[in-house]
Amino acid sequence: MRTAGELADSSSTFHDETTPLAQATEHSILARRGAQGRPAPQRPPATRVVVVANQKGGVGKTTSTVNMAAALAQLGQRVLVIDLDPQGNASTALAIEHRRGVPSTYDLLVEGAALADVISPCPDIEGLSVVPATIDLAGAEIELVSVVARESRLQKAIVAHPLVGSAAEAGEERFDYVFVDCPPSLGLLTLNALVAGRELMIPIQAEYYALEGLGQLIETVEMVKAHLNPLLSVSTILVTMYDARTRLAAGVAEEVREHFGEQVLKTSIPRSVRVSEAPSYGQTVMTYDPGSPGALCYLEAAREMATKGADV
Ligand code: ADP
Ligand code: MG
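Notes on the structure follow.

Here is what the cut-offs are and how they apply
Residues numbered from 1 in each chain as written. Chains lettered and ligands numbered in written order. Predicted model: local features only at pLDDT ≥ 70, side-chain atom pairs only at ≥ 80, totals over all residues. Heavy atoms only, no water. Pairing = 2+ DSSP bridges. Helix = DSSP H or I, 4+ residues; strand = E, 2+ residues; numbered from the N terminus. Contact = heavy atoms within 4.5 Å. Axes fitted to C-alpha atoms, helices over the stretch in contact; angles between N-to-C directions. Near = heavy atom within 4 Å. Polar contact = N/O pair within 3.5 Å; in protein donor to acceptor, adjacent residues only side chain to side chain. Areas by Shrake-Rupley, 256 points an atom, 1.4 Å probe, with all protein chains shown as cover. Expected span 1.5 Å × (residues − 1). Buried < 20%, exposed > 50% of the residue type's maximum accessible area, 1.4 Å probe, protein only. Core = buried A, V, L, I, M, F, W, Y, C linked by side-chain atoms within 4.5 Å. Parallel < 35°, antiparallel > 145°, perpendicular 65-115°, else oblique. Nonpolar A, V, L, I, M, F, W, Y, C, P; charged D, E, K, R; others polar.

**Points about the sheet that holds strand S7 (residues 233-240)**
Then, number 1: Strand order in the open sheet formed by seven strands is S3-S4-S2-S5-S1-S6-S7, and the pairing between neighbours is mixed. Two strands close off the open sheet at either side, each with one partner strand: strand S3 (120-121) and S7.
Then, number 2: Bridge count between strand S1 (residues 48-52) and strand S6 (residues 199-205): three bridges; the pairing is parallel. Each residue of the ladder has a partner; that of Val51, found in S6, is Leu200.
Then, number 3: Together, S1, strand S2 (79-83), strand S4 (128-131), strand S5 (177-181), S6 and S7 form the strand contacts of helix H3 (residues 61-74), whose direction differs from that of S5 by roughly 165 degrees.

**Concerning the site of ligand 1**
Then, number 1: Around ligand 1, a shell composed of 14 residues is seen, among which Gly58, Thr62, Thr63, Pro270 and Ser272 lie nearest.
Then, number 2: One nitrogen or oxygen atom from the side chain of Lys61 is found 2.9 Å from an oxygen atom belonging to ligand 1.
Then, number 3: At 2.5 Å, a side-chain N or O of Thr63 approaches an oxygen atom of ligand 1.
Then, number 4: Isolated, ligand 1 exposes 560 Å² of accessible area, and the fraction of that covered by the protein chains is 78%.
Then, number 5: Elements that contribute at least two residues to the shell around ligand 1 include exactly H3 and helix H12 (273-277).
Then, number 6: Among the elements that take part in the shell around ligand 1, H3 stands out by supplying three residues, more than any other.

**Structural notes on helix H14 (residues 293-308)**
Then, number 1: Between the first and last C-alpha of H14 there are 22 Å, a value that for 16 residues agrees with the 22 Å anticipated at 1.5 Å per step.
Then, number 2: H14 sits mainly inside the fold: 14 of its 16 residues count as buried.

**Details of the side chain of Asp176**
Then, number 1: Here Asp176 shows up in the loop between helix H8 (167-170) and S5.
Then, number 2: At 2.9 Å, the side chain of Asp176 forms a polar contact with the side chain of Arg43.

**Considering the nonpolar core**
Then, number 1: Judged by nonpolar contacts, the single largest core of 50 residues is most densely connected at Ile82, Leu154, Ile158 and Leu200.
Then, number 2: Per-element tally for this core: the top contributor is helix H9 (residues 188-196), with seven residues.
Then, number 3: Residue contacts for Ile158: discarding those within four places in its chain leaves Val49, Ile82, Leu115, Val164, Val178 and Ala196.
Then, number 4: Formed by 39 residues, the second largest nonpolar core is a distinct cluster that contains Leu72, Leu128, Tyr177 and Ala302.

**Quick notes on unusual backbone geometry**
Then, number 1: The phi dihedral of Ala95 is positive, around 60 degrees, even though this residue is not glycine.
Then, number 2: Structurally, the position occupied by Ala95 is in the loop between helix H4 (89-93) and helix H5 (105-111).
Then, number 3: Overall, Ala95 belongs to the partly exposed group, its relative accessible area being 37%.
Then, number 4: Although it is not a glycine, Ala149 sits at a positive phi angle of roughly 45 degrees.
Then, number 5: Structurally, Ala149 can be placed in the loop between helix H6 (137-143) and helix H7 (153-160).
Then, number 6: Ala149 sits in the partly exposed class, given a relative accessible area of 33%.

**A closer look at the environment of Gly76**
Then, number 1: As for its placement among the helices and strands, Gly76 is situated in the loop between H3 and S2.
Then, number 2: Note: C-alpha distance between Gly76 and Asp176 (100 residues apart in sequence) is 9.7 Å.

**Notes on the packing of H3 against H14**
Then, number 1: Direction vectors running N to C along H3 and H14 enclose 75 degrees, while the axes themselves pass 9 Å from each other. When the axis of H3 is compared with that of H14, the two are roughly perpendicular. Between H3 and H14, the residues in contact are Thr63, Ser64, Asn67, Met68, Ala71 and Leu72 and Tyr298, Leu299, Ala301, Ala302, Met305 and Ala306, respectively.
Then, number 2: Residues that form the contact of H3 with H14 fall into these classes: nine nonpolar, three polar and no charged.

As structure tokens, this is what we get:
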């Protein structure tokens, strides 16, 4: 099967879903894409640790984590996904076993296991590895309360990995991206992620009330910056589940751009059945239907992130 990257770089026409939405999406991608066969983005000079958070559930955190990660891997980057949600949805989408007992983020955070000992390779996508989350992680919010330096467990585990860091420190085999998929809350798990990451990516669903609740997230980010991680910044906003047929979606996207400006990726992710079906096959949309609008938009968003990040 061809990857979305190969499809986007070939001159073949896109997968034909003759809905107005699909057409609109195709159109905008074709317009934006410009020249065919663009080169893969360069590797960043050092590992970028990207936290994907929004305390609202169902806004596309997990979907965006796994698809951005898969897209970047297809673009030749070396990527690690850390599943920090006890639901383990990112693990499912990447076909990584996450029943009780498999080495997981719980071992990393609560038992003090080394990151290298809890990583599994994603079977379908070269260059992509995963730390799965098991249901044990649900107890970690409480178990961690009594642990020393409870908010910096993840950060310590990540920086201790020999393949995390600059080219000079970690060599050619280094991870280019570490994505952390957060649960829908602002508890100790998300706090660990915000202390560990340098970049925060916030998926925002193009829906009414999209910006509601974000104030609380931004306040938490400011608190973490002031006391725990001065390097943290909101680097990327991704508008998800965009329905090009509705004025509401366009209005929300515009409002998000007014509010966050430069940080908002130009590419929005359309609402697409293919995107939501993929996890039930243990896949990302990048392998499940690489020519679909959702896959092509995630690929474009990943390219944008890789290019923009050059100055992060
Ligand atoms: P979160 O991790 O923020 O809770 P998810 O990524 O699990 O959110 O997404 C919530 C639901 O929306 C899931 O059922 C997912 O399949 C669906 N979904 C996410 N993105 C899209 C999309 N672009 N098109 C259609 N469905 C989507
Ligand atoms: Mg999720």
